[in-house]
Amino acid sequence: MGKSELNNKSIQSLLAELAAVNKRNELVLQAAKLGTWDWNIETGEVIFNELWTKMLGYEHHEVMAHVDGWSVLLHPDDAENTAQELQKNLDGETSFYLNEHRLKTKAGTWLWVQARGCVIEYSEDGKPLKHTGTMININKLKIREEQLLQSKNLLEQEVQARTSELVASEEKFSSILQLAPEGILTTSSNGIIQLFNEGAQKLFGYSEDEIIGKNITVLIDNAIRDRHVHLMKGFKDGPIKKIHMAARNDIKAFRKDGSSFFAKISISKVAIKDDVIFAAIIHDITELTDNQNKMIVATRSAELANRAKTDFLANMSHELRTPLNAIIGYAQMIEQEVIGPIGNKHYLDYADAIHSSGLHLLSLIQDILDISKIEAKKQDLREEALDLTSVADACSIMIREAMKAADIKFTTTIEAELPQLFADEKSIKQIFINLLSNATKFTPNGGKVSLKIYLSEAGNIICEVTDTGIGISEEDIPNIFLPFTQIKNQQFPLATQKGTGLGLTIVKSFVDLYKAEMIVESKLNVGTCVKIIFPSERTIYKH
């Protein structure tokens, strides 16, 4: 085998090996998604690999293989900076050319790329001859950068806006704090005054300059300063966040001029880093305390007067009822001519008037005594489980004759299997009789009166007395429960002449005693409905 044949084989082997290396490099470039260029600086010719042109959406033959083919694709805004960076590398000022710029795609959009390259061949006199490098698509990265930049700008704007709001809020809070009528002050954990608003200045007589920096104890009575220090130490170290010091004789604050006042104080603590700040709101309650003391004295006086009134009425009722019963008895004997006939019949009329007036006066005395007992809370209530059907029947019998005389139709409706009511039988009867008597008295002849008792869905026993009487005007309804009050009615004048004007007052007193609710609905010349709603706690269900 000759030397030429061996050389040919060696050359072919080297070429094959070189082709394999190029293939491997091309695969690496494809895997890394790198476009490449090889630029002949003297001729301007540029060899772009297929990835470079495909990155921009072009076929390989659609891009001019010249440096001008690249220049026309360069974004105008990036041209100057890109040229400067490239020239620095050609002049040897940088080891590598590294630049980010935009190139125009075939679709007409702009693609962000990063180019990295260097001079790989120089002439003997040091002039650059060849420049090669790679290009990578960084469009998504730049878009993300732009989004992050926008987010950063928005965040900065938001922070700036929030800062402005906080400053404005702080100024507003400071203004409110200063203008608040209450005394407001803050101290450090060791009691040094840090804030003293205008309300506190007016309250204590100190100016802000005079008091800031001083200890809170200057505002406290000497006698309780040690106790105050001990209390605040326990408050600082304890779990409680707020304490209230209510009106007591020993809660006194001292003004600059030495005078004192009763104070109501609320103290809160706020932990800031390793320290604690106390904030106090102070009210001058001297006037309130004085009023409360006056009210206590007045209440005691009223209780004593009420007790004296009750005792007086009890004694007087006894003193009056004894001779009154005698007068009523003698008048009745004269009416019945027990001893013998009376010559003049007018005397019988006088005896009847004496008898009727005596009974009216006796009823009035009894009503006054009942009200006094209720007001003094001396009413003897014997509460038990009541069958309201039996109570209603007994009351109906007592009132039936008066209704019959007035030609009034009376009906009673009681819910079947109605539960029992826990109450005093005598007082409930008095409620029913007074309501039914009132309804009868103010209902014209031929009218209707009804008593209805039923259980509500909430478990309340409800008693209703309804009539078709003269009715009550809306403005008069609040007055009907006042003692000795009778509403005038020109269409029915005789009704106001009967009774004492205490019937509804007694009913209302018993209703309040049972903590029940009383509702009056009425319309002039139509009628009235009085509804009493007993608390559900008084409902007793039968087993």
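This structure is a prediction, so every number in the text was calculated from the model and none was measured.

J.: Describe in detail the packing of helix H11 (residues 388-405) against helix H12 (residues 425-441), supporting the description with residues and values.
T.: Two numbers describe how H11 lies on H12: the axes approach to 10 Å, and their chain directions differ by 35°. Both H11 and H12 take part in a crossing whose hand is right-handed. Contact with H11, carried on its side by Leu388, Val391, Ala392, Ala394, Cys395, Met398, Ile399, Ala402 and Met403, involves Glu425, Ile428, Lys429, Phe432, Ile433, Leu436, Ser437 and Thr440 of H12 and no other residues of that element. When grouped by side-chain class, the residues that make up the contact of H11 with H12 number 13 nonpolar, 2 polar and 2 charged.

J.: Outline the packing of aromatic side chains, listing residues and values.
T.: Tallying each qualifying case throughout the model produces 5 aromatic pairs. Each ring, one from tryptophan 37 and one from tyrosine 97, has its centre 6.4 Å from the other, and the planes form 70°; the classification is edge-to-face. Linking tryptophan 37 in strand E1 (residues 35-40) with tyrosine 97 in strand E3 (residues 97-104), this pair joins segments that are 60 residues apart in sequence. Between the aromatic rings of tyrosine 514 and phenylalanine 534, the centroid separation amounts to 6.1 Å while the plane-to-plane angle is 70°, which identifies the pairing as edge-to-face. Here tyrosine 514, found in the loop between helix H13 (503-513) and strand E17 (517-523), pairs with phenylalanine 534, found in the loop between strand E18 (527-533) and strand E19 (539-540); they are 20 residues apart in sequence, far enough to count as distant. One exposure class covers both tyrosine 514 and phenylalanine 534, and it is buried.

J.: Lay out the pairing of strand E5 (residues 128-137) with the relevant residues and their values.
T.: As paired strands, E1 and E5 are joined by 6 bridges and run antiparallel to one another. Bridging across to E5, threonine 36 finds its partner in threonine 134. Sheet topology note: the strand E4 (residues 110-122)/E5 ladder contains 9 bridges and is antiparallel. Residue pairing in the sheet places glutamine 114 in a bridge with isoleucine 136 of E5. Between E4 and the antiparallel strand that follows it, E5, lie 5 residues; glycine 126 among them carries a positive phi value of about 85°.

J.: Residues and numbers for the sheet that holds strand E12 (residues 383-386), please.
T.: Read across the open sheet, the 3 strands follow the order E12-E14-E19; overall the sheet is antiparallel. The open sheet has two free edges, formed respectively by E12 and E19, since each of these has just one partner strand. Set on the sheet, H12 makes contact with E12 and strand E14 (420-424); between it and E14 the angle comes to about 100°.

J.: Would you mind going over the sheet that holds strand E15 (residues 448-455) in detail, with residue names and values included?
T.: The strand order across the open sheet formed by 5 strands is E13-E15-E16-E18-E17, and the pairing between neighbours is mixed. The open sheet has two free edges, formed respectively by strand E13 (409-414) and E17, since each of these has just one partner strand. Here the strands of the sheet are splayed against their neighbours by 10° on average, with no regard to which way each runs. Relative to E18, E17 is paired through 7 bridges, and the arrangement is antiparallel. Paired with glutamate 517 across the two strands is isoleucine 533, which belongs to E18.

J.: How would you summarise the side chain of arginine 538 if you had to cite specific residues and measurements?
T.: One can find arginine 538 in the loop between E18 and E19. A distance of 2.6 Å separates a polar side-chain atom of arginine 538 from the backbone oxygen of phenylalanine 422. Once residues lying within four places of it in the same chain are set aside, the contact partners of arginine 538 are Glu383, Gln420, Leu421, Phe422, Ala423 and Tyr514.

J.: I'd like a rundown of the nonpolar core, residues and numbers included.
T.: Membership of the largest hydrophobic core comes to 42 residues, with the highest contact counts inside it found for Ile428, Leu435, Ile453 and Ile532. When contributions to this core are tallied by element, the ones reaching two or more residues are H11, E14, H12, E15, strand E16 (461-467), H13, E17 and E18. For isoleucine 532, the contacting residues outside a window of four places in its chain are Ile431, Leu435, Ile461, Ile462, Cys463, Val507, Val511, Ala516, Glu517 and Met518. Of all hydrophobic cores here, the second largest spans 25 residues; its members include Ile211, Ile216, Met232 and Ala253.

J.: For unusual backbone geometry, give the residues involved together with the corresponding values.
T.: Of note in the backbone geometry, lysine 515 takes a positive phi value of approximately 55° without being a glycine. Structurally, lysine 515 can be placed in the loop between H13 and E17. Of note, asparagine 525 is a non-glycine position whose phi angle comes to about 65°, a positive value. The residue asparagine 525 is located in the loop between E17 and E18 in this model. With a relative accessible area of 48%, asparagine 525 lands in the partly exposed category.

J.: Now, about the environment of alanine 200: what can you tell me, with residues and values included?
T.: Note that alanine 200 resides in helix H6 (residues 198-204). Spatially, the C-alpha atoms of alanine 200 and proline 181 are 8.3 Å apart, while their sequence positions differ by 19 residues. In this structure, alanine 200 is in contact with Glu182, Gly183, Ile184 and Gly205, ignoring residues within four places of it in sequence.

J.: Run through helix H4 (residues 76-90), naming residues and quoting values.
T.: For H4, built from 15 residues, the straight-helix expectation of 21 Å at 1.5 Å per residue is met to within 8% by its first-to-last C-alpha distance of 21 Å. Looking at H4, one finds that the buried residues are Asp78, Thr82, Leu86, Asn89 and Leu90. Summarising the contacts, the buried residues of H4 are in contact with E1, helix H3 (67-71), E3, E4 and E5. Two residues or fewer after H4 comes glycine 92, characterised by a positive phi angle close to 85°.

J.: A description of the side chain of threonine 186 should follow, citing residues and the corresponding values.
T.: Inspection of the secondary structure puts threonine 186 in strand E6 (residues 183-187). Those residues in contact with threonine 186 that sit more than four places away from it in its chain are Ile192, Ile193, Gln194, Leu195, Ile277, Phe278 and Ala279.

Definitions and cut-offs
Think of each chain on its own: its residues are numbered from 1, step by step along the sequence as written. Where totals are concerned, whole chains, interfaces and linings use all residues; where local detail is concerned, this predicted model gives features only for residues with pLDDT of at least 70, and gives and counts side-chain atom pairs only at 80 or more. Water and hydrogen atoms play no part in the side-chain values, which are based on all heavy atoms of the structure. Interaxial angle, 0 to 180 degrees, is taken between N-to-C directions of lines fitted to C-alpha atoms, where a helix line uses only the stretch in contact. Secondary structure follows DSSP: runs of H or I at least 4 residues long count as helices, runs of E at least 2 residues long count as strands, and numbering of each begins at the N terminus. Helix crossings fall into two classes, left-handed where the near helix is turned counterclockwise from the far one by less than a right angle and right-handed where it is turned clockwise. Every residue pair with non-hydrogen atoms within 4.5 Å of one another is taken to be in contact. Residues are grouped as follows: Ala, Val, Leu, Ile, Met, Phe, Trp, Tyr, Cys and Pro are nonpolar; Asp, Glu, Lys and Arg are charged; all remaining types, including Gly, are polar. Only rings of Phe, Tyr and Trp enter the pairing, Trp through its six-membered ring, and a pair is recorded when the two centres are within 6.5 Å. The plane angle decides the type: under 30 degrees is stacked, over 60 is edge-to-face, the rest tilted. Exposed residues in this analysis have more than 50% of their type's maximum accessible area, buried residues have under 20%, and partly exposed residues fall in between, with area computed by a 1.4 Å probe over protein chains only. Strand pairing requires that DSSP identify at least two bridges connecting the strands. Pairs of N or O atoms are called polar contacts if they sit within 3.5 Å, as long as, within protein, a hydrogen donor faces a hydrogen acceptor (for residues adjacent in sequence, only side-chain-to-side-chain pairs). Nonpolar cores are built from buried Ala, Val, Leu, Ile, Met, Phe, Trp, Tyr and Cys residues. Side-chain atoms within 4.5 Å join them into one set. Each helix should span, by expectation, one fewer than its residue count multiplied by 1.5 Å.

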